[in-house]
Structure formats: structure tokens, C-alpha cells
Amino acid sequence: QQQVKQSPQSLIVQKGGISIINCAYENTAFDYFPWYQQFPGKGPALLIAIRPDVSEKKEGRFTISFNKSAKQFSLHIMDSQPGDSATYFCAALGSRLTFGEGTQLTVNP
Amino acid sequence: IAGITQAPTSQILAAGRRMTLRCTQDMRHNAMYWYRQDLGLGLRLIHYSNTAGTTGKGEVPDGYSVSRANTDDFPLTLASAVPSQTSVYFCASSDGAREQFFGPGTRLTVL
């Protein structure tokens with residue numbers, strides 16, 4: 001049972017565009033929602049994270065939007081660059097960290 | 001600073017063979033984790049250890065075992081490998097804060 005659902009599975013964006021990845025969760029006990037970025041051949045690395053008492057968090061070109069009532073959160077990448085091409089995982093932390101299925105982002109030059 | 005090292009980088013293994021994936025961290029983190037990554041399924045927790053001497057089962061523990069004799073090392077053993085264990089395996093660690101740090105992974109193919 002996938003407790004964190006992520007979409008889309010893959011995403012192609014032109015350079016300078018906005019990339020949007022969505023996640024939904026079921027367990028209301030989750031209290032921390034990170035996004036991890038993974039480049040080919042590497043392990044995932046923390047990109048940005050949010051707590052459920054905040055509706056938005058921005059770090060540079062990366063923004064998390066969080067909707068507690070809908071149990072949904074999303075990652076927005078503004079001014080997407082070819083160097084952003086990677087796989088992105090949302091996750092939710094309760095007793096353990098639960099990951100979404102992943103989104104493979106390709107930013108074309 | 002190495003962080004987390006994993007060995008081997010990749011391995012092709014015959015079904016039925018025993019295999020140990022090695023993981024070592026130099027950050028003195030108490031908690032360590034093993035995940036497997038499969039396309040379309042994300043990362044799934046196999047086993048974890050909150051501190052040296054203790055281990056626990058994750059979401060997909062069957063066919064795998066772990067030990068935590070000291071803080072730095074957390075090996076994952078496949079007692080008798082099966083083709084469904086073909087995957088990329090990641091070791092991670094955490095100091096009790098919320099961020100987990102991941103190793104570079106081991107790509108395992110079981111034929």
C-alpha cells in the first residue's frame with residue numbers, strides 16, 4: 001500500500017519553464033514532508049522540506065506548497081534549468097520515512 | 001569527508017547465492033537504513049537500526065537480514081538471492097534529526 005502517491009511519473013519542461021510535481025498522502029500522523037533530488041548514478045539528497053503548520057516554503061527557485069486539509073503537497077521549480085534534470089521524490093515522515101514513486105524530470109535546453 | 005560508502009558498486013549474482021552489501025558511515029550517526037529502489041515504486045525501507053546493537057524490520061524485509069555491531073557499519077545480507085531482489089540498494093543514515101543522508105548505491109542483478 002503506497003501511503004504517498006506522486007505524479008507525474010515523468011515530466012519534460014523547456015528551459016525557463018515551471019516544473020510542478022504533486023504528492024498526496026493518507027496518514028495524518030505524518031509531520032514532516034521532504035523532497036529529495038537524485039541525479040543518475042547517485043544517492044538521493046535532501047532538496048527542501050516543510051512542516052504541516054506552514055503552507056509554503058521557498059528556497060531559491062524551489063518552492064513547496066502544502067495543503068493540509070487536502071493532504072497534498074507539491075514542488076514547484078521556477079525558471080527550470082537543464083541542470084535540474086533529475087529524479088525527484090516526495091516523502092513523508094511519521095514513524096518512518098515513506099517515499100513517493102518518483103518523478104523523472106527532463107529540462108530541455 | 002566521505003559520508004556514506006557502499007560496496008560493491010555493482011554486482012551480478014547467481015540465484016541461490018549468498019551476498020552481503022556493505023555500508024559504512026563516518027558521521028557517527030545513530031540511525032541507519034537500507035532501502036531498495038525500483039522503477040515506479042520509489043524507495044522502500046528494508047531494515048533499519050536506531051542505534052548500535054538494535055535493528056528493526058521495514059516495509060519489505062523478507063529475504064534480507066542486517067546486523068549493527070558498531071555505530072559505523074550496517075551490512076545487508078541476502079541469504080539466498082532470488083531474481084526479484086534485482087534492484088538498486090541504498091544505505092542511509094541520520095543523526096536523529098529529520099534529514100537522511102544516502103550513500104551512492106549498489107546495483108544488484110540476480111540471474
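For the structure itself, look to the data block above.
Right, let's walk through the structure included here. (Residues numbered from 1 in each chain as written. Chains lettered and ligands numbered in written order. Predicted model: local features only at pLDDT ≥ 70, side-chain atom pairs only at ≥ 80, totals over all residues. Heavy atoms only, no water.)

All names here are of chain B. Note that Arg44 resides in strand β5 (residues 42–49). For the pair Arg44 and Tyr89, spaced 45 residues apart in the sequence, the C-alpha separation amounts to 9.7 Å. Not counting residues up to four positions away in its chain, the partners in contact with Arg44 are Trp34, Tyr35, Arg36, Asp38, Glu59 and Val60. Only 2.9 Å separates the side chain of Arg44 from the side chain of Asp38, close enough to count as a polar contact. (Helix = DSSP H or I, 4+ residues; strand = E, 2+ residues; numbered from the N terminus. Contact = heavy atoms within 4.5 Å. Polar contact = N/O pair within 3.5 Å; in protein donor to acceptor, adjacent residues only side chain to side chain.)

Now for the interface of chain B and chain A. Facing 16 residues of chain B, the contacting portion of chain A comprises 19 residues. Carbon and sulfur atoms supply 52% of the area that chain B and chain A bury against each other, a total of about 1600 Å² over both sides. On the surface where chain B and chain A come into contact, there are 1 salt bridge. A:Asp31 is paired through a salt bridge with B:Arg98; the nearest N and O atoms lie 3.1 Å apart. Secondary-structure elements contributing two or more residues to the side of chain B that touches chain A are β4 (31–38) and β5 of chain B. (Buried area = accessible area lost by both parts, 1.4 Å probe. Salt bridge = Lys/Arg side-chain N within 4 Å of Asp/Glu carboxyl O.)

The next point concerns unusual backbone geometry. Cis rather than trans, the peptide bond between A:Ser7 and A:Pro8 has omega equal to -5 degrees. Within the secondary structure, A:Pro8 sits in the loop between β1 (4–7) and β2 (10–14). With an omega of -5 degrees, the peptide bond running from B:Ala7 to B:Pro8 counts as cis. Along the polypeptide, B:Pro8 turns up in the loop between β1 (4–7) and β2 (10–13). Unlike most non-glycine residues, A:Lys71 shows phi in positive territory, near 55 degrees. By secondary structure assignment, the location of A:Lys71 is in the loop between β7 (62–67) and β8 (72–77).

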